[in-house]
Amino acid sequence: MGLTLNTNSLTSAGAASGVSTSDVTTLIKSNTPYQFITKVDGAAATTILCSNVFSASDGFSSYRVLLNDFTFSTNMSYVYMQLEVEGSIVGTEYAWSMAKDSGDSGSFSRENGNDSKWRLYNSDISNGLLGYIDFTNTSSGTKTVGTWHIGGSKSTRHGGYAVGGGCLNNTGQITGFQIIAQTGNFPTANIRIYGVNNV
């Protein structure tokens, strides 16, 4: 339907033509940086697996994972992430580094490692966690790289954070990931997954 703006009103010019799905998709991609893919809840889980949520045909070259409402059954020290490549979780060839502070006086430190997973957070987080992880999907055989910013709390007025980055020495197609608790489980956990629009 065409609309014409007159002095005091809008007037219709012709029959309704409708808006196609393609038009709406183009509009979203042109005006928003992210496109929602899916949401995963992980209540009472030690490992939250998000399998086959990405594909070579989804049109994204990078992704954002939002961690929300994460609580913990024990005073765990670490939260980890592993990537799924072509349908299988990869358990080797990770490198990572981070800067972190638990909220205690003099607790700031920098850490790094070559490991079986990325270490997202390295402190007591008994009262909850919130944050995001950005990572690339592989393109033309390049390795997957990621970055993250996580905030957490271990008591009423202790606010901690971790800022880090890492690489996976693998050039296969990323299809998913999993978030892992070092000990205990996540009584509540919500993950929202977005693709970064290529515009």
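Relevant structure appears above.
Remember, predicted model here, so these are calculated numbers, not experimental data.

J.: Would you take a moment to explain the pairing of strand β6 (residues 78-85) for this structure?
T.: Burial analysis of β6 places seven of its eight residues in the buried class, which makes it a mostly covered element. One ladder, built from two bridges, connects β6 with strand β7 (residues 88-89); its direction is antiparallel. The residue bridging E84 from the neighbouring strand is I89, located in β7. Counted between consecutive antiparallel strands, the loop separating β6 from β7 contains two residues, among which E86 sits at a positive phi close to 50 degrees.

J.: Hey, could you run me through the packing of aromatic side chains in this one?
T.: Note on aromatic pairs: each is described by the distance of the centres and the angle between the planes. Here the structure, examined in full by the defined rule, presents 13 aromatic pairs. Here the aromatic rings of Y63 and F135 are separated by 5.8 Å at their centres, their planes lie at 40 degrees, and the arrangement is tilted. Note that Y63 is positioned in strand β5 (residues 62-70) and F135 in strand β11 (residues 129-136), a separation of 72 residues in sequence. Each of the two residues, Y63 as well as F135, counts as buried.

J.: Explain the nonpolar core here, please?
T.: Soluble globular proteins tend to pack their nonpolar side chains together in the buried interior. Among the nonpolar cores identified, the biggest contains 38 residues, and L67, F70, L120, F135, F177, I179 and I191 are the most heavily contacted of them. What F70 contacts, discounting residues up to four positions off in sequence, is I48, G128, L129, I179, F186, T188, A189, N190 and I191.

Scoring rules and cut-offs
- Residues numbered from 1 in each chain as written.
- Predicted model: local features only at pLDDT ≥ 70, side-chain atom pairs only at ≥ 80, totals over all residues.
- Heavy atoms only, no water.
- Buried < 20%, exposed > 50% of the residue type's maximum accessible area, 1.4 Å probe, protein only.
- Helix = DSSP H or I, 4+ residues; strand = E, 2+ residues; numbered from the N terminus.
- Pairing = 2+ DSSP bridges.
- Phe/Tyr/Trp six-rings, centres within 6.5 Å; stacked < 30°, edge-to-face > 60°.
- Core = buried A, V, L, I, M, F, W, Y, C linked by side-chain atoms within 4.5 Å.
- Contact = heavy atoms within 4.5 Å.

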